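Breakdown of the fold
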Amino acid sequence: MTTPTTAAGLGALTIRPLDPLKDAGLLHDWVTHPKSAFWMMQDATLVDVERAYMEIAADEHHHAYLGLHDGVPAFLMEKYDPVHRELTGLYEPEPGDVGMHFLVAPTDRPVHGFTRAVITAVMAELFADPATARVVVEPDIDNKAVHALNAAVGFVPEREIQKPEKKALLSFCTREQFEKAVSA
């Protein structure tokens, strides 16, 4: 488990490895919620979610984590090696590239600044590994909210790419870009 990150007035955020079987019910509620449409699992059954995260758990190039807010599950983080997953053949990877996905649990009572605190904690977790030089993301081209969040933590869009499941905005964030963005 990570050292808790404290966001001004928002409490402690921690990250632990995801347990695909224990956490599947919770994840199923999150990924099938209408607010999670860009996660592309709207029609997934509980068994589908269990299988998907069991596959990730067995994959040496893809890892899933559960994010906690004051000890309560609140977000999902995935980290992957873009040489072997998601972006294979779609860009020229550099040493130290790490791919990332994140999903904040849908809620009827959003807290101002919470999602930005989550992406900041996720990025801090990724850059806590000295081997991570740059974080790579490929959100859906139409997901304007996540593009704004990505920019807020230092991501710079490079270009649109066509993935099998979506048209995506390939973006990168170096350690220096992240540090500059979050210290501003």
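Described in the following lines is the structure provided in the data block. (Residues numbered from 1 in each chain as written. Predicted model: local features only at pLDDT ≥ 70, side-chain atom pairs only at ≥ 80, totals over all residues. Heavy atoms only, no water.)

As for the side chain of Asp59
Rules: We count a stretch as a helix when DSSP gives it H or I for four or more residues in a row; a strand needs E for two or more, and each element gets its number in order from the N terminus. Only protein chains enter the accessibility calculation, which uses a 1.4 Å probe. A residue is then buried if its area is under 20% of the maximum for its type, exposed if over 50%, and partly exposed in between. Whenever a nitrogen or oxygen atom comes within 3.5 Å of another N or O atom, the pair is scored as a polar contact, on the condition that within protein one atom can donate a hydrogen and the other can accept it, and that pairs from neighbouring residues in sequence are kept only if both atoms are in side chains.
Within the secondary structure, Asp59 is located in the loop between α2 (46–57) and β3 (62–69). Since its relative accessible area comes to 15%, Asp59 is described here as buried. In terms of polar contacts, Asp59 uses its side chain to reach the backbone amide nitrogen of His61, at 2.7 Å.

Concerning unusual backbone geometry
The residue Asp70 is not glycine, and still its phi comes out positive at about 50°. Here Asp70 lies in the loop between β3 and β4 (72–80).

Describing the pairing of β3
Successive side chains on a regular strand alternate, one facing one side of the sheet and the next facing the other. Definition in use: At least two DSSP bridges between two strands are needed for those strands to be called paired.
Buried residues dominate β3, accounting for six of its eight residues. Sheet topology places strand β2 (residues 11–17) next to β3; five bridges connect them, and they run antiparallel. Bridge pairing links Pro17 to Tyr65 in β3. Of the strand pairs in this sheet, β3 and β4 are connected by eight bridges, and their pairing is antiparallel. Paired with Ala64 across the two strands is Glu78, which belongs to β4. Counting the residues in the hairpin turn of β3 and β4 gives two residues, including Asp70, whose phi is positive at 50°.

Thoughts on the packing of helix α3 (residues 114–127) against helix α5 (residues 175–183)
Note the threshold: Fitted lines through C-alpha atoms give the axes, limited to the stretch in contact for helices. The angle between two N-to-C directions lies from 0 to 180 degrees. Each crossing gets its hand from how the near helix is turned against the far one by less than a right angle, where anticlockwise is left-handed and clockwise is right-handed. Working rule for contacts: check all heavy atoms of both residues, and any pair within 4.5 Å makes them a contact. The residue classification treats Ala, Val, Leu, Ile, Met, Phe, Trp, Tyr, Cys and Pro as nonpolar and Asp, Glu, Lys and Arg as charged. All others, Gly included, are polar.
Close contact between α3 and α5 brings their axes to 11 Å; oriented N to C, the two are set at 145°. Considering how the two elements wind past one another, α3 and α5 form a crossing that is left-handed. Counting all contacts with α3, which are made through Arg116, Thr120, Met123, Ala124 and Phe127, the residues of α5 involved are Arg175, Phe178, Ala181 and Val182. In terms of residue class, the contact of α3 with α5 is built from six nonpolar, one polar and two charged.

Brief notes about helix α1 (residues 24–31)
Definition in use: Here the arc refers to the set of directions running from the helix axis out to each C-beta atom.
Within α1, burial applies to Ala24, Leu27, Trp30 and Val31. Projected down its long axis, α1 shows its buried positions confined to an angular sector of 120°, all on one face.

Side note on the pattern of salt bridges
The cut-off we apply is this: Whenever a carboxyl oxygen of Asp or Glu lies within 4 Å of a side-chain nitrogen of Lys or Arg, that contact is scored as a salt bridge.
In total, this model carries nine salt bridges according to the counting rule given. A salt bridge links Arg85 to Asp59, with the nearest nitrogen and oxygen atoms 2.6 Å apart. Placement of the pair is Arg85 in the loop between β4 and β5 (97–104) and Asp59 in the loop between α2 and β3, with a sequence separation of 26 residues. When its relative accessible area of 29% is taken as the criterion, Arg85 is described as partly exposed. Put simply, Arg134 and Asp97 hold a salt bridge, and the shortest N to O gap is 2.8 Å. Taken together, the positions of Arg134 in strand β6 (residues 134–137) and Asp97 in strand β5 put the pair 37 residues apart, joining distant regions of the chain. Accessibility assignment for this pair places Arg134 and Asp97 in one class, buried. Salt bridges sharing partners connect three or more residues here, namely Glu138, Lys163, Glu165 and Lys166.

Some details on the nonpolar core
The following threshold applies: In this text, buried Ala, Val, Leu, Ile, Met, Phe, Trp, Tyr and Cys residues form a nonpolar core when linked through side-chain atoms within 4.5 Å.
Counting 28 residues, the largest nonpolar core has Met100, Phe102 and Met123 as the members making the most contacts within it. At the level of elements, β2, β4, β5, α3, β6 and α4 (144–152) are the ones that each hand at least two residues to this core. For this core, the leading source of residues is α3, giving nine residues. Core analysis: the second largest hydrophobic core is formed by 15 residues, Trp30, Val49, Leu68 and Leu103 among them.

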